[in-house]
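Notes for the structure review
Residues per chain, in single letters:
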Amino acid sequence: WDVAGVAAATKDHTLVRKATVTTGNTNWTNSAGTSAEDSEWIVYDQNTWDYLGSHDYSDIRTLLFSEYAEGSSNNKYLEIYNPTCATISLEGYAYPSTSNAPTVAGEYEFWNAFDEGASISPGGVYIIAHPSADESILALADETHQYLSNGDDGYALVKGTEESYEIVDWIGNWDADPGSGWDVAGVAAATKDHTLVRKETVISGNTDWTASAGTSAEDSEWIVYDQNTWDYLGSHVEIAIDPS
């Protein structure tokens, strides 16, 4: 049967139920879905047995983007935070993106995998910086990526493969060209010429960018700082660390 948009996925694959599914489904068609987004399953390559023997997916919902900068020149970075008490491997995660207006609305254009062996320690962060960023940024970076946003590129943090994945968190989205950038916390085009820092009360990703960005300083998950504000880079102290 086809599952999550993968043809004949029940042959030569491993299927793992998504973390958000907590009850059975008597409608296989709905359970299988037609895409990575609407399926209840994640489709992995054949002979993938990493999850056999347990069904604990807390890591899928606890990683999040904690900081983003679109600074002057090439002073750009993404920061990802692990709010759990366990080291999380980034194998099987990625940060796919679109550039300006997406070729197909709702679909990524570039699949960006993490460096081999990448992981985030408990309560730690992982920083992806432009290779020509300021030395103070590069000193904290875990890997570099040449094509970081000018303000209007949408990024998702996902778990899965290029063909089948679950979205964990967003900065921007893949729906349409936002102009020069997305509004955040009531600040126009805040993803351009600003630094965004996730509020300390946010300890899990949000698959709804509109809700995450908010419309005011009060309802947004982000604090918008002036361009080239890097004071918080490299740490993300939370009020409470998720014990899962």
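For the largest pocket, the calculated volume is near 310 Å³. Breaking the lining of the largest pocket down by element, the ones donating at least two residues are strand E2 (41-45), strand E5 (88-89) and strand E10 (155-160). The residue inventory of the lining of the largest pocket, partitioned by class, reads 4 nonpolar, 6 polar and 5 charged.

Next up on the list: the sheet that holds strand E13 (residues 222-226). Taken in spatial order, the 6 strands line up as E9-E8-E4-E3-E12-E13 in an open sheet, and their pairing is mixed. Where the open sheet ends on each side, the last strands, each with one partner, are strand E9 (143-144) and E13.

So, on to the confidence of the model for the protein. Of all residues in the protein, 93% have pLDDT values of 70 or greater, and the mean over the chain is 91. Note that residues 238-244 has pLDDT below 50 and, in this model, 22 contacts with residues that lie over four places away or in other chains.

By the element assignment, His145 lies in the loop between E9 and E10. Residue classification places His145 among the buried residues on the basis of a relative accessible area of 14%. In contact with His145, not counting residues within four places along its chain, are Tyr95, Asn112, Ile128, Ala129, His130, Pro131 and Tyr155.

Pairing is antiparallel in the open sheet, where 3 strands are placed in the order E6-E10-E11. Here the strands that pair on one side only, and so sit at the sheet edges, are strand E6 (93-94) and strand E11 (165-171). With 6 bridges connecting them, E10 and E11 associate as antiparallel partners. Along E11, the bridge assignment pairs Lys159 with Glu166.

Under the counting rule described, the total for this entry stands at 4 salt bridges. A salt bridge links Arg17 to Glu40; its shortest N-O distance comes to 2.7 Å. One end of the pair, Arg17, is in strand E1 (residues 13-17); the other, Glu40, is in the loop between helix H1 (28-32) and E2, with 23 residues separating them in the sequence. Side by side, Arg17 and Glu40 carry an identical accessibility label, which is buried. The closest approach of N and O atoms between Asp169 and Arg198, which form a salt bridge, is 2.7 Å. Placement of Asp169 in strand E11 and of Arg198 in strand E12 (residues 194-198) is noted, with a sequence separation of 29 residues between them. Via salt bridges that share partners, Asp169, Arg198 and Glu221 belong to a single interconnected network.

The rules behind the values
Residues numbered from 1 in each chain as written. Predicted model: local features only at pLDDT ≥ 70, side-chain atom pairs only at ≥ 80, totals over all residues. Heavy atoms only, no water. 1 Å grid on protein atoms, 1.4 Å probe; cavity = no way out; pocket = protein on both sides within 12 Å on 5 of 7 lines; lining within 4 Å. Points joined across faces, edges and corners; volume = space filled by probe spheres on them. Helix = DSSP H or I, 4+ residues; strand = E, 2+ residues; numbered from the N terminus. Nonpolar A, V, L, I, M, F, W, Y, C, P; charged D, E, K, R; others polar. Pairing = 2+ DSSP bridges. pLDDT = per-residue confidence, 0-100. Contact = heavy atoms within 4.5 Å. Buried < 20%, exposed > 50% of the residue type's maximum accessible area, 1.4 Å probe, protein only. Salt bridge = Lys/Arg side-chain N within 4 Å of Asp/Glu carboxyl O.

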